[in-house]
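Coordinate analysis (summary)
The lines below spell out each chain.
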Amino acid sequence: MKKILIDSFAEQKRIALIENGELVELIFENGKENSIVGNIYCGRIESVMAGMQACFVDIGLEKNAYLYYGSERAENDSDTTRKNRPKVGDTVVVKVLKDGFGSKGPVVTTDISYTGKFVVLLPNENSIGISKKIISKEERNRIKDIVEKILPENYGIIVRTDGEGKTLEDYESEIKSLLEKSQVIEKGRMYTKPPALLIKDSGTAFGVIRELFTSDIDELIVNDYEYYNELLENGKDYKGINERLKFYDGDIPLFEEYFIESKVQKALQKKVWLKSGGFIVIEETEACVVIDVNTGKFIGSKNLEKTIMKTNLEAVYEVAKQLRIRNLSGMIIVDFIDIKSDENKAILRKTLEKELAKDRIKSVVVGMTELCLMQITRKKTRRPLSETVMNKCRECNGTGLVFSAEWVSNSMRRDVIKVLNTTVFDTVTVKCSERLFNAFRGKDNFALDRIENITNKKVMFCEDKTKKVYEYEILNGDKNN
């Protein structure tokens, strides 16, 4: 049983992918720093670094985007490369591949493609590619015959896994929609003054459908009626959406109703316990992610190698799971407990590869060193979960992290609504810092007004200067009573 839960309130959204009751993916959008991956901009070259075969592009954001114009990494500055080298002041149309991380701006490319639910349209190409996950030779030939009949001139195409079983009409509709986007870009290339946004990726609503909603999803549950309608509108061209999309309006918060709120909180802790009593510790650094495996409380039986192997295997399943939930990417080092047997090392690697294959984001197991350090790489897409929900602590000079005001205010709203919906009190008082309450009530009191409107009850504020930005209390009744 697979479900997608979307907890939406005001400008903040939490999107959870659930498999058999277990949380496997979590996306948080705070309304302030949403992903721009997929956006297409008309930009201006600000500086060129010939030695890096790269340049910086002004696309209208705070940080310039990074564009690599070489054909291969570490290629010499050949005649061909020099011909392709952009000049300062040039206008260029680029698509965002990766969001900015930390001090780095977004990564962009001039290779523009248009991604739909089951095809990717490639301008100035003439090739037809079909996902390797579509195994049947007959189905691949059927798809190829359809695409050859309707593919526009000077366009190539990649058929994604969800293209399996689609009809001629399905392909015509999708290609037509993507072709219209391509034509918008061509007009923008000629008539738009940079920097400017040409096409905004259709946002989380469409992104959920395109990336997470597959044929094996049983339910897509949303707790915001406006967002529910947005998903209906964006998903109308995809089979199965209307039948599986459901609106949730229960008194208990959505994630609590489906017993995953506690699992969300665990996904933000450094230490994760294993079933046997062992545990893993996850440390995120700027250079890489390091995961340490420990036996903890597990002492096993008489055989030390079996004890260690059991802990390591449990850690494999948990590591694969945590990489997805926390969206950890880049270079990842897993420090397994030392094992002597080459056979057991091979088992660890094969099991890890099998578990990582379930992830929709590409991961590669590079191998294990003599010190039992397993090396993994995972493609960077959006920011890791920790960066979207936590900030550096002001009180420890950046040596630790605390939950952001946006994340805490989102939690506080759910708690307030739960109290108002499940008690006889007509008023509750929120006791916290003024900064947190300002985040709680939202811009122009939008969130606070909405809470009071949907519950038909009142929310009061009591400032407590002793509380930190991530601390709050919800008191029943008026603070003056």
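The name given to the protein chain in an unreviewed UniProt entry is Rne/Rng family ribonuclease, and the organism recorded there is Candidatus Fimicola merdigallinarum. Its UniProt record gives the protein chain a comment under Cofactor (unreviewed entry), which states: "Mg(2+)".

**Section: the side chain of serine 363**
In this structure, serine 363 sits in strand β20 (residues 363-368). The contact partners of serine 363, leaving out residues within four places of it in the chain, are Leu356, Thr377 and Arg378.

**Some points on the pairing of strand β3 (residues 22-29)**
A large share of β3 lies buried, amounting to 7 of its 8 residues. With 7 bridges connecting them, strand β2 (residues 12-19) and β3 associate as antiparallel partners. Residue pairing for β3: isoleucine 18 is matched across the bridge by leucine 23. Here β2 folds back onto β3 in antiparallel fashion, the turn holding 2 residues, of which asparagine 20 has a positive phi close to 50°.

**Some details on the packing of helix α9 (residues 304-326) against helix α10 (residues 342-356)**
At a minimum axis distance of 9 Å, the contact between α9 and α10 shows a crossing angle of 20°. The pairing of α9 with α10 is recorded here as roughly parallel in orientation. Where α9 crosses over α10, the two elements pack in a sense that is right-handed. Only Asn344, Ile347, Leu348, Thr351, Leu352, Glu355 and Leu356 of α10 make contact with α9, whose side of the interface consists of Glu305, Met309, Asn312, Leu313, Val316, Tyr317, Ala320 and Leu323. Among the residues making up the contact of α9 with α10, the classes are represented as 10 nonpolar, 3 polar and 2 charged.

**Quick look at helix α13 (residues 434-441)**
Listed as buried for α13 are Leu436, Phe437 and Phe440. Buried positions in α13, seen along its axis, are confined to an arc of 100° and lie on one side of it. Taken together, the buried residues of α13 touch α12 (405-422), β24 (427-432), α14 (446-455), β25 (458-463) and β26 (472-476). Following α13 by one or two positions, glycine 442 has its phi on the positive side, about 80°.

**Quick notes on the nonpolar core**
Of all hydrophobic cores here, the largest spans 27 residues; its most connected members are Ile280, Ile291, Val334 and Phe336. Among the secondary structure elements, those contributing two or more residues to this core are β17 (279-284), β18 (289-294), α9, β19 (330-335), α10 and β21 (373-378). By residue number, the principal contributor to this core is α9, which donates 7 residues. With residues up to four places along the chain from it excluded, the contact list for isoleucine 280 reads Lys270, Lys271, Val272, Leu274, Ile291, Asp292, Val293, Ala315, Glu318, Val319 and Gln322. Core analysis: the next-biggest nonpolar cluster, separate from the first, contains 24 residues, Ile40, Cys42, Ile130 and Ile199 among them.

**What about the packing of helix α2 (residues 137-150) against helix α3 (residues 168-191)?**
For any two helices packed against each other, the geometry comes down to the angle between their axes and how far apart the axes lie. Where α2 meets α3, the axes come as close as 10 Å, and the angle between the chain directions of the two elements is 45°. Looking at the two axes, α2 sits oblique to α3. Seen from above, α2 lies across α3 with right-handed handedness. On the side of α2, the interface is formed by Ile143, Ile146, Val147 and Ile150, while α3 contributes Leu168, Tyr171, Glu172 and Ile175. Here the contact of α2 with α3 is built from residues that sort into 7 nonpolar, no polar and 1 charged.

**Details of the pairing of strand β12 (residues 155-159)**
With 4 of 5 residues buried, β12 lies mostly within the body of the structure. Direction of pairing for strand β10 (residues 119-123) relative to β12: antiparallel, over a ladder of 5 bridges. Paired with proline 123 across the strands is tyrosine 155, a residue of β12. Both strand β11 (residues 128-130) and β12 contribute to a ladder of 3 bridges, which runs parallel. Note that in β12 the partner of glycine 129 across the bridge is isoleucine 158. In this view, the connection linking β11 to its parallel neighbour β12 by way of α2 has left-handed handedness.

**Describing the sheet that holds β25**
Strands sit in the order β25-β24-β26 across an open sheet of 3 strands; the sheet is mixed. The sheet is open, and its two edges are formed by β25 and β26, each paired on a single side. Strand-to-strand twist across the sheet, computed as the mean angle between neighbouring axes with direction ignored, equals 25°. Along the sheet face, α12 touches β24, β25 and β26 and points at about 15° away from the line of β26. Of the strands in this sheet, β24, β25 and β26 are in contact with α13, which crosses β25 at around 160°.

**Thoughts on the packing of aromatic side chains**
Counted under the stated rule, the structure contains 10 aromatic pairs. For the ring pair phenylalanine 403 and tryptophan 407, a centre distance of 6.5 Å and an interplane angle of 20° mean the geometry is stacked. Judged by centre distance (4.2 Å) and plane angle (15°), the ring pair of phenylalanine 437 and phenylalanine 461 falls under stacked. A residue pair is termed long-range when its members are at least 10 positions apart, and phenylalanine 437 in helix α13 and phenylalanine 461 in strand β25 qualify at 24 residues.

**Quick notes on the sheet that holds β21**
Judged by pairing direction, the sheet is mixed, and its 6 strands sit side by side in the order β16-β17-β18-β19-β21-β20 without closing on themselves. Strand pairing shows two members of the sheet lacking a second neighbour, β16 (271-273) and β20, which therefore form its edges. Each adjacent strand pair in this sheet contributes to an overall mean axis angle of 20°, direction not counted. In this structure, β19 lies alongside β21, joined through 6 bridges in antiparallel fashion. Bridge assignment links methionine 331 to a residue of β21, and that residue is threonine 377.

**Re the layout of surface pockets**
Taken as a whole, the second largest pocket spans an internal volume of roughly 840 Å³. Lining of the second largest pocket is provided by 26 residues; of these, Glu22, Tyr317, Glu318, Lys321 and Gln322 occupy positions nearest its centre. Mapped by element, the contributors of at least two residues to the lining of the second largest pocket are β3, α8 (261-266), β16, α9 and α10. In terms of residues, the lining of the second largest pocket owes the most to one element, α9, which gives 8 residues. The residue inventory of the lining of the second largest pocket, partitioned by class, reads 10 nonpolar, 3 polar and 13 charged.

Thresholds applied
- Residues numbered from 1 in each chain as written.
- Predicted model: local features only at pLDDT ≥ 70, side-chain atom pairs only at ≥ 80, totals over all residues.
- Heavy atoms only, no water.
- UniProt positions renumbered as here; feature names shortened; annotations may be inferred.
- Helix = DSSP H or I, 4+ residues; strand = E, 2+ residues; numbered from the N terminus.
- Contact = heavy atoms within 4.5 Å.
- Buried < 20%, exposed > 50% of the residue type's maximum accessible area, 1.4 Å probe, protein only.
- Pairing = 2+ DSSP bridges.
- Axes fitted to C-alpha atoms, helices over the stretch in contact; angles between N-to-C directions.
- Parallel < 35°, antiparallel > 145°, perpendicular 65-115°, else oblique.
- Left-handed = near helix turned anticlockwise from the far one by under 90°.
- Nonpolar A, V, L, I, M, F, W, Y, C, P; charged D, E, K, R; others polar.
- Arc of directions from axis to C-beta.
- Core = buried A, V, L, I, M, F, W, Y, C linked by side-chain atoms within 4.5 Å.
- Right-handed = clockwise from strand over helix to strand, strands pointing away.
- Phe/Tyr/Trp six-rings, centres within 6.5 Å; stacked < 30°, edge-to-face > 60°.
- 1 Å grid on protein atoms, 1.4 Å probe; cavity = no way out; pocket = protein on both sides within 12 Å on 5 of 7 lines; lining within 4 Å.
- Points joined across faces, edges and corners; volume = space filled by probe spheres on them.

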